[in-house]
Number of protein chains: 4
Amino acid sequence: MNSFGTLFRLTTFGESHGAAIGGIIDGCPAGLFLDMNLVDSELLRRRGDSPDTTSRREADHVEWLSGLFEGHTLGTPLAFLVRNEDCRPQDYDALRGLCRPGHADYTYESKYGHRDHRGGGRASGRETVARVVAGAVAKQILSQKGISITSTFDASSVSCTAIGLPAGVGEPVFDRLNARLAYAMLSIPSAVSFTMGDAGNDNIDVWADAWTPHGKGPTLTATNHCGGVQGGISNGMPVVFHVGFHPPVTDPDGMLCRDMEGNLKQVVPGGRHDRSHITRLPVIVEAMAAITLLDLLLQANS
Amino acid sequence: MNSFGTLFRLTTFGESHGAAIGGIIDGCPAGLFLDMNLVDSELLRRRGDSPDTTSRREADHVEWLSGLFEGHTLGTPLAFLVRNEDCRPQDYDALRGLCRPGHADYTYESKYGHRDHRGGGRASGRETVARVVAGAVAKQILSQKGISITSTFDASSVSCTAIGLPAGVGEPVFDRLNARLAYAMLSIPSAVSFTMGDAGNDNIDVWADAWTPHGKGPTLTATNHCGGVQGGISNGMPVVFHVGFHPPVTDPDGMLCRDMEGNLKQVVPGGRHDRSHITRLPVIVEAMAAITLLDLLLQANS
Amino acid sequence: MNSFGTLFRLTTFGESHGAAIGGIIDGCPAGLFLDMNLVDSELLRRRGDSPDTTSRREADHVEWLSGLFEGHTLGTPLAFLVRNEDCRPQDYDALRGLCRPGHADYTYESKYGHRDHRGGGRASGRETVARVVAGAVAKQILSQKGISITSTFDASSVSCTAIGLPAGVGEPVFDRLNARLAYAMLSIPSAVSFTMGDAGNDNIDVWADAWTPHGKGPTLTATNHCGGVQGGISNGMPVVFHVGFHPPVTDPDGMLCRDMEGNLKQVVPGGRHDRSHITRLPVIVEAMAAITLLDLLLQANS
Amino acid sequence: MNSFGTLFRLTTFGESHGAAIGGIIDGCPAGLFLDMNLVDSELLRRRGDSPDTTSRREADHVEWLSGLFEGHTLGTPLAFLVRNEDCRPQDYDALRGLCRPGHADYTYESKYGHRDHRGGGRASGRETVARVVAGAVAKQILSQKGISITSTFDASSVSCTAIGLPAGVGEPVFDRLNARLAYAMLSIPSAVSFTMGDAGNDNIDVWADAWTPHGKGPTLTATNHCGGVQGGISNGMPVVFHVGFHPPVTDPDGMLCRDMEGNLKQVVPGGRHDRSHITRLPVIVEAMAAITLLDLLLQANS
């Protein structure tokens, strides 16, 4: 539904041009000192600085509504919100009643009967703010357990690595670690593919990562083609996966839009739109990885 | 956990060399005439006929334990089992206490403290029998709603298409249709990648599938690069995705295995092992697609 | 966890003396005109007017953060909050580190290791604000479907009736209508008992409510001892149940409290405490009934 | 849905006159030696011996299908079934198309459109077999953690006590221990009321169980009117609750039944029916308590 996770769970809310974006985090352990600076720096990464990225400059100030007392978590739900301040909804007036190609406009209209046409409503990338905040909290908890998450990227594929995850995380059959990661990543707006380890190689030897004999080296296997997951469960090696994204689909120069009867109309959308957004995605990938790994780790320990 | 789905749900059980494999299907509507022949033919596809595939010849006879009365579903849970008959557990004696490379042996041992070493236990591909049975039931229900699922395959990537799914299926943010499909596919043993539509293309025009004007053609968009899903929700076009698999990792000629202390030992595994299994996978991909799409369709209609 | 419901779901947050109380409502259908006055009047009932009830005068102003556009619901999550304004946390300073008898102080301390001692934290009756808001929304949706909920009360037992619920609501075995209502009611702070229909009568004839012959009367059964539920599923008759509560357990005149080592100390708690709160409970009972019945109704229709 | 529990979960199947009754238990820890004799003795308690109870003599032999290896649990799902052997479905022929008063016949017919009229289908008390089996497993796990469950009964109310549960079990707000117990008990066929501790007493002093000073006695509170639960969380004292049941509603001497058009018809039902069944209920109450407490204990420890 609108929640993600079982033992460490995020429930989000908020449309792009509504009053605020936010969420409730359940399952945060009691007694954790929550570093607000870490949360802010993650949101800064999400905003991006390059002239190529969005010119929407939100302050992204997080207000915490519950779950904290004298700087530490209570173990009760952590609710937070971020006000939508830098809105220019009038930029979207030209789009009222029209569906842009490649966007969720048409599908939302079909599903709900009407929609908030301003800025993409709930389909907007803005809802990833809540994910990044929860990811920042999850990262702090994982960090205390010796688990760190990093990422790199190129033009279309973002690659993520988690180091320190103990063996035994992931549930057999349906809740496999790779399946849960795929679920998390494909839920990111504009994500189109997920790959675990070194996919594409048909050589048995590659997939049967050879064991390192006891005492001969610090790692379990000599290679790590499987990306740290065997049979859907972690083996203690670094967890490695790759997520592919398509580029932003709003062309600021003009697009042929459609109304609900099927008539086409050329529109210059207005508003502010990214020409490239790949630099903003790694922090979101890491956030989803953190939330997923923490949830599965808690399940494994229960 | 061990269940898959929310409104149409499958809970499975069974190890490769236990008494039986089976499951409980929840959410099957009342009054459906269940065609047993369809279920059997799907299981036949799973077994495969090529000399290249497994030589384990299970009868795969499905026994239905509940949920049916005078040939029709009652709306109560449908429980079924398939006895494991063609077992030769002694083939696995050589593997007691040893972990094969590339398998789940080590991770299961780490997670549970001990395991059923015979035939891969619950990590075995045999548990996919339950998925195929449930998929066959789901396909019949979808078929009554005008939705059909087909697939093709090559050496490593299986491609699946679902035709007839109405627009509006999928839930925004976390339960996106593409995310749920990715989750389903990566849970299949040996799956390593998931791709929606035509991933890999960085051209905006490609991703902004152009609309077909009203009355000018039978389809919503002129192309279908997005694979029938926009913003995580179906738009009525065919849903298209691809799943990548790695080859079977048991080398019948011998493998360097590892015990839990780290000592290595060369073993010829015995038992019967596939050298290639790609022909057996499409029916499993279709089954998972059917279960997922039906579940999301029910959610969309609620 | 911290959520209630499956298809119509409420996730809440907030401690008594934190920044705010609130929640996220999932599953609200699109296109509903949300009447804010109804929400406010329900909150007014919860506050109570009698001099016997609490002297904490919160404004209880609801701020809606998402899910609404031009007065109508979008079908996306409805998030709301109510600021805690009338706080006097210093009233609770005397209780820092002490556990009052009959309260959740000790159990929260045991579970979490520390707690927010101000005003009962999350165990406070104040979290029922979120339930009443969600209940007000649920009532409006039920009202459109011809279902109404009323209640009466006496010194310790509140009685609730729901009229208009169609037959067939409730799921067999575990998610029975009476079981879900019991779960909802016993989750209300200070609730101690739940009774369906006319419990306590051992006469078979009473429990086998006689049918009204077709055309002889407007109702299905001549009596309604079972309270509208047979086999855990509604039969169309009014759903009737009773909830018993214990009185408030904070004695403003003084209580023997306990610290975590076991030492006892007499304390006059300060703060503001109700001597009786029964007049405030019916709206909470109705709210929980509305949320539960709507959720089960949606499940039945799916 | 058809599952009960989150971390220790039971999914059941089976109609009274179908092939078998059974279930899948998820979340059973690995390495537990499962004592089959204990399971059998619990089922014997459920069958009853008194001439006043049912004359249906099922062998109630449990067949375990998965999850066990060399006598110990694997940590994978435990599936089991019990064949329905002592069936006399022809006894129910007189009831085809008719709804008995006080039974679930009418509500099932309304919900599903048709039903298995033999023996009450899934509404039958026979499905409690699966609960008792799972309860027997849960009891063994709880026993290893020093927690025991006992019960007593009188003509209509069964009372249950759990000793040894540590403090801190239960989740605030919605998943309170008392709420989960109420949910579990009201799901038992013929259950009509649930009461925690000493309900009915309006004296503040009673509800504010006085603390025992440190060192002065072995218990936390001097009395236990709250039944071991404060604020929905256990405090370490014995958990005490009471469940009320109505008597069996099938009158073997004859009942006025109803068809789906509203016409009434006197029928002597045939089949075998209990005149009193209270002696069979305590084991079911204990089973549901065991499953619920174990699930919440696992949640508390995660």
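Residues numbered from 1 in each chain as written. Chains lettered and ligands numbered in written order. Predicted model: local features only at pLDDT ≥ 70, side-chain atom pairs only at ≥ 80, totals over all residues. Heavy atoms only, no water.

Observations regarding the side chain of Glu127(A)
Locating Glu127(A) in the fold gives a position in the loop between helix H2 (105-112) and helix H3 (128-144). Here the side chain of Glu127(A) touches Arg131(A) through a polar contact of 2.8 Å, side chain to side chain. (Helix = DSSP H or I, 4+ residues; strand = E, 2+ residues; numbered from the N terminus. Polar contact = N/O pair within 3.5 Å; in protein donor to acceptor, adjacent residues only side chain to side chain.)

Points about the relation of the copies chain D and chain B
Of the transformation superimposing chain D on chain B, the axial component is 0.0 Å and the angular component is 180°, with the fit at an RMSD of 0.0 Å. Classification of the inter-copy transformation places it as that of a two-fold axis. Counting the interface residues of chain D, we find that 100% of their copies in chain B are interface residues as well, pointing to one common contact surface. (Least-squares fit on C-alpha atoms with pLDDT ≥ 70 in both. Contact = heavy atoms within 4.5 Å.)

Topic: the relation of the copies chain B and chain A
Superposing chain B onto chain A takes a rotation of 180° combined with a translation of 0.0 Å along the rotation axis, leaving an RMSD of 0.0 Å. Looking at chain B, 99% of its interface residues are interface residues in chain A too, so the copies touch through the same face.

Some details on the pairing of strand E9 (residues 157-163) of chain B
Both faces of the sheet carry side chains from a regular strand, because those side chains alternate between them. Residue and element names in this part refer to chain B. Burial along E9 is one-sided: Val-158, Cys-160 and Ala-162 are buried, while Ser-157, Ser-159, Thr-161 and Ile-163, pointing the other way, are not. By the bridge criterion, six bridges tie strand E8 (residues 148-153) to E9 in an arrangement that is antiparallel. Of the residues in E9, the one forming a bridge with Ser-148 is Ile-163. Note that E9 and strand E13 (residues 239-245) share six bridges and pair antiparallel. Residue pairing across strands places Ser-157 opposite Gly-244, the latter belonging to E13. (Buried < 20%, exposed > 50% of the residue type's maximum accessible area, 1.4 Å probe, protein only. Pairing = 2+ DSSP bridges.)

Description of the pattern of salt bridges
As enumerated under the stated definition, the model contains 36 salt bridges over all chains in all. We note a salt bridge from Glu286(D) to Arg45(D), for which the minimum N-O separation is 3.0 Å. Here Arg45(D) lies in helix H1 (residues 36-47) and Glu286(D) lies in helix H6 (residues 281-301), a separation of 241 residues in the sequence. Exposure remark for Glu286(D): the relative accessible area of 4% places this residue in the buried category. A relative accessible area of 33% means that Arg45(D) is categorised as partly exposed. It is possible to trace a salt-bridge network through shared partners that takes in Glu42(A), Arg45(A), Lys139(A) and Glu286(A). (Salt bridge = Lys/Arg side-chain N within 4 Å of Asp/Glu carboxyl O.)

Here we look at the interface of chain B and chain A
Many analyses report the size of an interface as the accessible area lost when the parts associate. With 76 residues of chain B at the interface, the matching set in chain A holds 75 residues. Taking both partners together, chain B and chain A bury about 6200 Å²; carbon and sulfur atoms supply 64% of that area. Along the contact surface separating chain B from chain A lie zero salt bridges. Where chain B touches chain A, the interface holds 13 residue pairs in polar contact (both at pLDDT 80 or more). Class assignment for the residues of the side of chain B that touches chain A results in 39 nonpolar, 24 polar and 13 charged. For strand E10 (residues 191-196) of chain A and strand E10 (residues 191-196) of chain B, the ladder comprises three bridges, and the chain directions are antiparallel. Counted as the bridge partner of Phe194(A) is Phe194(B) from E10(B). (Buried area = accessible area lost by both parts, 1.4 Å probe. Nonpolar A, V, L, I, M, F, W, Y, C, P; charged D, E, K, R; others polar.)

Digging into the packing of helix H1 (residues 36-47) of chain A against helix H6 (residues 281-301) of chain A
Residues and elements named next belong to chain A. Contact geometry for H1 and H6: axes closest at 7 Å, N-to-C directions at 135°. Classed by the angle they form, the pair H1 and H6 counts as oblique. Residue-level inspection shows Glu-42, Arg-45 and Arg-46 of H1 in contact with H6, the latter providing Pro-282, Val-283 and Glu-286. (Axes fitted to C-alpha atoms, helices over the stretch in contact; angles between N-to-C directions. Parallel < 35°, antiparallel > 145°, perpendicular 65-115°, else oblique.)

Comments concerning the confidence of the model for chain A
Interpretation of this model should avoid reading the predicted coordinates in detail wherever pLDDT is low. Residues and elements named next belong to chain A. When pLDDT is averaged along chain A, the result is 81, and 83% of the positions lie at 70 or above. Taking the mean pLDDT of every element in chain A, the minimum, 70, falls on helix H5 (residues 204-207) and the maximum, 94, on helix H4 (residues 177-186). Within the model, the stretch residues 50-56 combines pLDDT values under 50 with 20 contacts to residues more than four positions away or in other chains. Interface scoring of the predicted complex returns ipTM 0.88; its pTM is 0.88. (pLDDT = per-residue confidence, 0-100.)

Let's talk about helix H3 (residues 128-144) of chain B
Quick reminder: α-helices carry 3.6 residues per turn. Residues three or four places apart thus point the same way. For H3(B), spanning 17 residues, the distance from its first C-alpha to its last is 24 Å, which sits close to the expected 24 Å at 1.5 Å a residue. Of all the 17 residues making up H3(B), 15 are buried; the element is thus mostly covered by neighbouring parts of the structure. (Expected span 1.5 Å × (residues − 1).)

So, the interface of chain D and chain B
Between chain D and chain B, the residue contacts involve 43 residues of the former and 43 residues of the latter. In this assembly, chain D packs against chain B so that about 3200 Å² is buried in total across both faces, 63% of it on carbon and sulfur atoms. The tally of links between chain D and chain B comes to two salt bridges. With a shortest N-O distance of 2.8 Å, Arg83(B) and Glu63(D) are connected by a salt bridge. Counting every contact that joins chain D to chain B gives 12 residue pairs in polar contact (both at pLDDT 80 or more). Secondary structure elements with two or more residues in the side of chain D that touches chain B: strand E2 (9-13), strand E3 (20-26), strand E4 (62-64), strand E5 (68-69) and strand E7 (78-83) of chain D. Counting residues per element, the side of chain D that touches chain B draws most heavily on E2(D), which supplies four residues. Tallied by class, residues from the side of chain D that touches chain B come to 16 nonpolar, 16 polar and 11 charged.

Examining unusual backbone geometry
Backbone geometry at Ser190(A) places phi at a positive 75°, although glycine is not the residue there. Tracing the chain through its elements places Ser190(A) in the loop between H4 and E10. In this structure, Glu70(C) is a non-glycine residue whose phi angle is positive, near 50°. By the element assignment, Glu70(C) lies in the loop between strand E5 (68-69) and strand E6 (72-73). With a relative accessible area of 56%, Glu70(C) lands in the exposed category.

Side note on the sheet that holds strand E3 (residues 20-26) of chain B
Residue and element names in this part refer to chain B. With respect to topology, five strands assemble into an open sheet ordered E1-E2-E3-E7-E4, the strand pairing being antiparallel. Two strands in the sheet have a free side with no partner beyond their single neighbour: strand E1 (3-4) and strand E4 (62-64). Pairing of E1 with strand E2 (residues 9-13) involves two bridges; the strand directions are antiparallel. The residue bridging Ser-3 from the neighbouring strand is Thr-11, located in E2.

Focus on the packing of aromatic side chains
Pairs of aromatic rings are described using the distance from one ring centre to the other and the angle between the two planes. The tally for this structure, following the rule as stated, stands at 18 aromatic pairs over all chains. For the pair Trp64(B) and Phe80(B), a centre-to-centre distance of 5.5 Å together with 55° between the ring planes defines the contact as tilted. Of this pair, Trp64(B) sits in strand E4 while Phe80(B) sits in strand E7 (residues 78-83); the two residues are 16 residues apart in sequence, bridging distant segments of the chain. Each member of the pair, Trp64(B) as well as Phe80(B), carries the same accessibility label: buried. Each member of the aromatic cluster is reached from another via a ring pair, and the members are Phe4(A), Phe174(A), Tyr183(A), Phe4(B), Phe174(B) and Tyr183(B). (Phe/Tyr/Trp six-rings, centres within 6.5 Å; stacked < 30°, edge-to-face > 60°.)

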